[in-house]
Amino acid sequence: LAQQRNFFTPSPTPDNSRIIPLVASERALYAGSMIGLNVLWYKNYAHSYFHFFNDDNEWLQMDKMGHILTAYTICRLTSSLYRWSGIRESSSNAYGTALGMAYQTNIEIFDGLSSAWGFSLGDMAANTIGASLFISQEALWNEQRVTMKISFHRTEYSQYRPDELGNNMVEQSIKDYDGQTYWFAFAIASFLPKGNKVPGWLCLDF
């Protein structure tokens, strides 16, 4: 008997009952996140003509790590969702990478139109690194052997500069780089010969 497919099982062929809600959800999440960013980030600053700004020497490059992580995560998650909906693997990877870069580029355009920031080539380079981290592993290994993670703890600094570092936990988790730690997790078993006894969940993190 054929194994019955449940909700979490990827569809073997394109399934419109999954693709249509997925695309609709992506659009809603995109719009919602843009509105959220405007509330958390842009609303208190005037708009300006489009301009560039070099911020490579600011924040000890912690913001660049955030760009790498965000681009990588969007690419990976979007690709997985398209595979779940029945889109073939190569196309899912391409869609995921393209959407991840498009989303991040849109944020850079917003920065370029804000008086407080500007379109950052350094940020775009970081976005490209994050997307490349995803797509290159799919091309080389057909799996993600090195993943990115983030942890956060509240710090004392936000109380001194709440407008810059956040007034609450949600804002601080995004704005207060002092409390962020970025991790590269290497799945040990994936680098060893097949049949090894190392658990798949065990990672070496840096």
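Report on the accompanying structure. Just so you know, these numbers come straight off a predicted model, no measurement behind them.

### Overview of the environment of Gly96
Line of reasoning, step 1. One can find Gly96 in helix α3 (residues 89–112).
Line of reasoning, step 2. Given the relative accessible area of 0%, Gly96 is considered buried.
Line of reasoning, step 3. Here the alpha-carbon distance between Gly96 and Tyr82, two residues 14 residues apart in the chain, equals 7.9 Å.
Line of reasoning, step 4. If near-sequence neighbours (up to four positions away) are discounted, Gly96 is found in contact with Ile74, Cys75, Thr78 and Ser79.

### A short note on a nonpolar patch on the surface
Line of reasoning, step 1. On the surface, a cluster of nonpolar side chains totalling about 560 Å² of accessible area is made up of Phe50, Phe52, Ile109, Phe110, Leu113 and Leu121.
Line of reasoning, step 2. When you line up the elements, Phe52 lands in the loop between α1 (16–42) and α2 (62–84).
Line of reasoning, step 3. The exposed category is assigned to Phe52, whose relative accessible area is 53%.

### Regarding the nonpolar core
Line of reasoning, step 1. Tyr72 and Met148 are the most contacted members of the largest nonpolar core, which has 13 residues in total.
Line of reasoning, step 2. Mapped onto this core, the elements with two or more residues apiece are α2 and α4 (121–141).
Line of reasoning, step 3. The next biggest cluster of nonpolar side chains, apart from the first, holds six residues, and it includes Leu37, Tyr42, Ile74 and Tyr103.

### Some thoughts on unusual backbone geometry
Line of reasoning, step 1. One non-glycine residue, Trp59, lies in the positive phi region at around 60°.
Line of reasoning, step 2. Here Trp59 is to be found in the loop between α1 and α2.
Line of reasoning, step 3. Residue class for Trp59 comes out partly exposed when judged on its relative accessible area of 33%.

### Some remarks on the sheet that holds strand β3 (residues 203–205)
Line of reasoning, step 1. Spatially, β1-β2-β3 is the arrangement adopted by the three strands of the open sheet, whose pairing is antiparallel. Where the open sheet ends on each side, the last strands, each with one partner, are β1 (146–152) and β3. Recorded for the sheet is a direction-independent mean angle of 30° between the axes of neighbouring strands.
Line of reasoning, step 2. Bridge analysis of strand β2 (residues 180–187) against β3 gives three bridges, and the strand direction is antiparallel. Opposite Ala187, over in β3, you have Cys203 as the bridge partner.
Line of reasoning, step 3. Packed onto the sheet, α2 meets β1 and β2 and runs at close to 125° relative to β1.

Reading the values: the criteria
- Residues numbered from 1 in each chain as written.
- Predicted model: local features only at pLDDT ≥ 70, side-chain atom pairs only at ≥ 80, totals over all residues.
- Heavy atoms only, no water.
- Helix = DSSP H or I, 4+ residues; strand = E, 2+ residues; numbered from the N terminus.
- Buried < 20%, exposed > 50% of the residue type's maximum accessible area, 1.4 Å probe, protein only.
- Contact = heavy atoms within 4.5 Å.
- Patch = residues over 30% accessible without salt bridge, like charges linked within 9 Å, V, L, I, M, F, W, Y side chains within 5 Å.
- Areas by Shrake-Rupley, 256 points an atom, 1.4 Å probe, with all protein chains shown as cover.
- Salt bridge = Lys/Arg side-chain N within 4 Å of Asp/Glu carboxyl O.
- Core = buried A, V, L, I, M, F, W, Y, C linked by side-chain atoms within 4.5 Å.
- Pairing = 2+ DSSP bridges.
- Axes fitted to C-alpha atoms, helices over the stretch in contact; angles between N-to-C directions.

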